[in-house]
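Each chain, letter by letter, is given below.
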Amino acid sequence: MPLEDGQPARRRGQRVNSEVSSTPRLGGMQDSALQGTPAPDGSRTEVMTEAWEPGPVPSDKDVTLTGVPQRAGQHEEALMAELSELVQKVVKSSSWWERHGVDISILSCSFLLLPAGFLCLRSDQAIPFLVGVLTLGVVHHTLTVKGSHLASHNALTESKSWGKVWAIFFIELCSAFTAEQGTYNHVKIHHGYTNIIGLGDSSTWKLPFLNRYVYMFLAPLAVPIITPLVALDLLRNVEWKTALRTLCCMFLGLYCHYWLLLHVSGFQSPWSALLCMLLTRSLLAHPYIHVNIFQHIGLPMFAADRKPKRIHLMSLGVLNLPRNALLDWSFGHSLISCHVEHHLFPSLSDNMCLKIKPIVSQYLKQKKLPYNEDTYTSRLRLFLQRYEELMVQAPPITELVGIQ
């Protein structure tokens, strides 16, 4: 999906293919995946405007684009306000069950499956044992990816106090990461500066010293090990009380998993239990990393002082993947088929992102704005073919001529 430097971005939302036809070309990215599964990846709405506000990062001004009159910016703001009003009507008419209940139920069901998963691992037969591994792997990713992502956006509850509690539980206890740094990097930086070079351009996902096959197929297996190590390094940036709390939560979460494998699942040695922990915690690590790079890297990227208004920034720089039962359950709609909706309205839950999807897609296409969609296999093929350009070389800055 890269854009060629100087090539004007196309305004019409089309299906993205391996040639990246919906927008001009580019390349670029970040380390949230390896910087912590909880990089709870996203950000949200004015229907919850507070989530739209970027963090205290330099160069955050929308400078008037060359050749584009001031009224063009006002027109874009009017488009965003109009779309927000349409979405807000849907949110206000939705029940608590639609806004929060559906996703809370999915997380609750995952907790209820934990005993069955640990007990299946007691079996000496291959099929029940594999069922246990699959169950614990899916449950782990549902809690650490979906749970952490929703908690980072305070999308599980209307209460900010309870939102903080859930963030600590899902991000620190379940995911072995730091809630403050994870939330800041994801919500304030990635969402506040989506596809802005040097800020929210997903560059932390890049490991340019790895070749394409190692990065795409082997490196994800190390995510469960890299995540807590990165978290420990980030603790240097927080207060000692916060660091102590995070250390306690991380240790408790990891030790509980280890203890249950020994005393409930019946593993005979520490090494076998640790190997099982690694296996279950990396079960969906490949799609986790792939999804995080597929949906932003290769799309248009901008300089901090030359970025378009929010509605153009998100419609140009975000892509939706098709619905997938396993990934919808484990990662949530906002990370798979409703990622555009999530970036426009980050404080909405997964279920609400799915509910507003027809409104958002119809509105963007009606206004001749990009609405990027592509398949998982198409994006995988694209990244394997153009790995050097997208993941190693520095991305060119997209020309904004024609974006009005």
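Residues numbered from 1 in each chain as written. Predicted model: local features only at pLDDT ≥ 70, side-chain atom pairs only at ≥ 80, totals over all residues. Heavy atoms only, no water.

The protein chain has the name FADS6 desaturase in an unreviewed UniProt entry, where Trogon melanurus is given as its organism.

Details of the packing of aromatic side chains
Inspection of every chain in the model, using the stated rule, returns 13 aromatic pairs. Where Tyr-215 meets Tyr-387, the ring centres are 6.0 Å apart and the plane angle is 50°; that geometry is what we call tilted. Here Tyr-215 is found in helix α6 (residues 212–218), whereas its partner Tyr-387 is found in helix α16 (residues 387–392), with 172 residues between them in sequence. Comparing Tyr-215 with Tyr-387 shows no difference in burial state: the two are buried. Members of the aromatic cluster, each reached through a chain of ring pairs, are Phe-111, Trp-162, Trp-166, Phe-169 and Phe-170. (Phe/Tyr/Trp six-rings, centres within 6.5 Å; stacked < 30°, edge-to-face > 60°. Helix = DSSP H or I, 4+ residues; strand = E, 2+ residues; numbered from the N terminus. Buried < 20%, exposed > 50% of the residue type's maximum accessible area, 1.4 Å probe, protein only.)

Focus on the UniProt feature "transmembrane region" (unreviewed entry) in the protein chain
Sites flagged by UniProt as "transmembrane region" (unreviewed entry) map to residues 213–235 and 247–267. The span residues 247–267 is 81% helical and 0% strand by assignment, and the distance between its end C-alpha atoms comes to 26 Å. (UniProt positions renumbered as here; feature names shortened; annotations may be inferred.)

Some words on the environment of Gly-198
Secondary-structure assignment places Gly-198 in the loop between α5 (179–191) and α6. As a C-alpha pair, Gly-198 and Phe-302 span 104 residues in sequence and 9.5 Å in three-dimensional space.

Side note on unusual backbone geometry
Only a minority of non-glycine residues have a phi that is not negative, and only a minority of peptide bonds are not trans. Positive phi, close to 55°, is recorded for Asn-154, a residue that is not glycine. Looking at the secondary structure, you find Asn-154 in the loop between α3 (126–152) and α4 (160–174). Residue Asn-154 is classed as partly exposed on the basis of its relative accessible area of 24%.

What about helix α14 (residues 350–366)?
Here α14 is 17 residues long and its end C-alpha atoms lie 24 Å apart, about the 24 Å a rise of 1.5 Å per residue gives. Ile-356 marks the point of greatest bend in α14, at about 45°, and the proline Pro-358 comes within the next four residues. All of the buried residues along α14 are Asp-350, Asn-351, Met-352, Cys-353, Ile-356, Lys-357, Val-360, Ser-361, Tyr-363 and Leu-364. Lys-368 sits one or two positions beyond α14 and adopts a positive phi of about 60°. (Expected span 1.5 Å × (residues − 1). Bend = angle between axes of the 7 residues up to and from the residue.)

Remarks on the packing of helix α2 (residues 96–120) against α3
Two numbers describe how α2 lies on α3: the axes approach to 8 Å, and their chain directions differ by 150°. In terms of their interaxial angle, α2 and α3 are classed as roughly antiparallel. Classified by chirality, the crossing of α3 by α2 is left-handed. Here Asp-103, Ile-106, Leu-107, Ser-110, Phe-111, Leu-113, Leu-114, Gly-117, Phe-118 and Cys-120 of α2 come into contact with α3, specifically with Pro-128, Phe-129, Val-131, Gly-132, Thr-135, Leu-136, Val-139, Thr-142, Leu-143, Lys-146, Gly-147 and Leu-150. Across the contact of α2 with α3, the residue classes tally to 14 nonpolar, six polar and two charged. (Axes fitted to C-alpha atoms, helices over the stretch in contact; angles between N-to-C directions. Parallel < 35°, antiparallel > 145°, perpendicular 65-115°, else oblique. Left-handed = near helix turned anticlockwise from the far one by under 90°. Contact = heavy atoms within 4.5 Å. Nonpolar A, V, L, I, M, F, W, Y, C, P; charged D, E, K, R; others polar.)

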